[in-house]
Amino acid sequence: MIGTDKRLSTQNEWVDNDEVFPMKNSYGAVFDLDGVLLDSESDLTWLHIALEKTLEHLGIDASEENLMKIHSKNVHRFNEISIKLGVEAENLWETRNREYIEEKSRAMKNGMIKPFSDVDCLYELKGRYGLSIISNSPQEIVDLFIEEYNFEDLFDCGIGRGASLVDLKKIKPNSHLLERLKGKIQEEKLIYIGDSENDRKFAKNTGMEFMFLSREGAKREEFDTLDKIVKCLLKSTTTKTGKSN
């Protein structure tokens, strides 16, 4: 079953307070990167190497326990973790961020990490939606994704996190990344496509519609491929066009 956000009607028209909005030139589709566009999580060897190098560079034992402390799942506790590891938070983060970008970039360039095979279907949305990216990955990784895989003609803009420790407080579900995006695009009504509850919370916090992509198998109100999301969005514009004639 194709799932939808609760504000998407059974006719697949985007509705807000009983008003159907025209999609063309008013709606933008904003995508998360990892797990949605980029298959960076199927094989996390690159991340393990980056975390090992971080600890080794700082002279810290690269035990499984210490590796988990600086894992992506725990970045919200970075100040606390740095105290436990006995290093300054800024030094730990600067080192981790550098190794993360280096190893992820290498994995993207050598083919260990690739875009999902269905990303090309997003070209069907061009002309009806503005397409952009908001990710908690570093800005350098978002830029590399667009450049390395020749998606300059697909995405109008890509927004990633900054490099400083302070920037950790500005990642999703904080609204900061969306505020940066809005300064670069024209669309006012945005739909966010993500693959986590954090993404859902981000959309709710910022007033965006939300479409949940679950590549491991869709449940109710979820999609399992980008193709299905594209079909839903295209049907929305087609239905609206039909009503206008």
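Look up a bit, the structure's there.
Residues numbered from 1 in each chain as written. Predicted model: local features only at pLDDT ≥ 70, side-chain atom pairs only at ≥ 80, totals over all residues. Heavy atoms only, no water.

A. Layout of the overall build of the chain. Broken down by element type, the chain carries 8 helices and 9 strands. Burial status across the chain gives 52% buried among its 245 residues. Put simply, of all contacts in the chain between residues at least 6 apart along the chain, 67% involve residues at least 24 apart. Summed over all atoms, the accessible surface of the chain reaches about 12,300 Å², with 45% contributed by carbon and sulfur. (Helix = DSSP H or I, 4+ residues; strand = E, 2+ residues; numbered from the N terminus. Buried < 20%, exposed > 50% of the residue type's maximum accessible area, 1.4 Å probe, protein only. Contact = heavy atoms within 4.5 Å. Areas by Shrake-Rupley, 256 points an atom, 1.4 Å probe, with all protein chains shown as cover.)

B. How the structure looks around a negative patch on the surface. There is a patch of like negative charges on the surface, built from Glu140, Asp143, Glu147, Glu148, Glu152 and Asp153. Mapped onto the elements, aspartate 153 comes out in the loop between helix H5 (139-148) and strand E7 (157-161). (Patch = residues over 30% accessible without salt bridge, like charges linked within 9 Å, V, L, I, M, F, W, Y side chains within 5 Å. Salt bridge = Lys/Arg side-chain N within 4 Å of Asp/Glu carboxyl O. Lys, Arg positive; Asp, Glu negative; His and termini not counted. Charge placed at Lys NZ, Arg CZ, Asp CG, Glu CD.)

C. Geometry of the packing of aromatic side chains. As enumerated under the stated definition, the model contains 10 aromatic pairs in all. Taking the centre distance of 5.1 Å and the plane angle of 85° together, the rings of phenylalanine 78 and tryptophan 93 count as edge-to-face. With phenylalanine 78 in helix H3 (residues 78-85) and tryptophan 93 in helix H4 (residues 89-110), this residue pair connects regions lying 15 residues apart in the sequence. The buried category is assigned to phenylalanine 78, whose relative accessible area is 2%. Overall, tryptophan 93 belongs to the buried group, its relative accessible area being 2%. The interplanar angle of 80° and the centroid separation of 5.1 Å between the aromatic rings of tyrosine 192 and phenylalanine 202 together place this pair among those described as edge-to-face. (Phe/Tyr/Trp six-rings, centres within 6.5 Å; stacked < 30°, edge-to-face > 60°.)

D. Main features of the pattern of salt bridges. Under the criterion given, the structure shown has 14 salt bridges. Put simply, glutamate 65 and lysine 69 hold a salt bridge, and the shortest N to O gap is 3.9 Å. Of this pair, glutamate 65 and lysine 69 both sit in helix H2 (residues 64-69), separated by 4 residues, roughly a single helical turn. For glutamate 80, the salt bridge goes to arginine 77, with nearest N and O atoms at 2.8 Å. Several salt bridges converge on common partners, so that one network encompasses Lys53, Glu102, Glu103 and Arg106.

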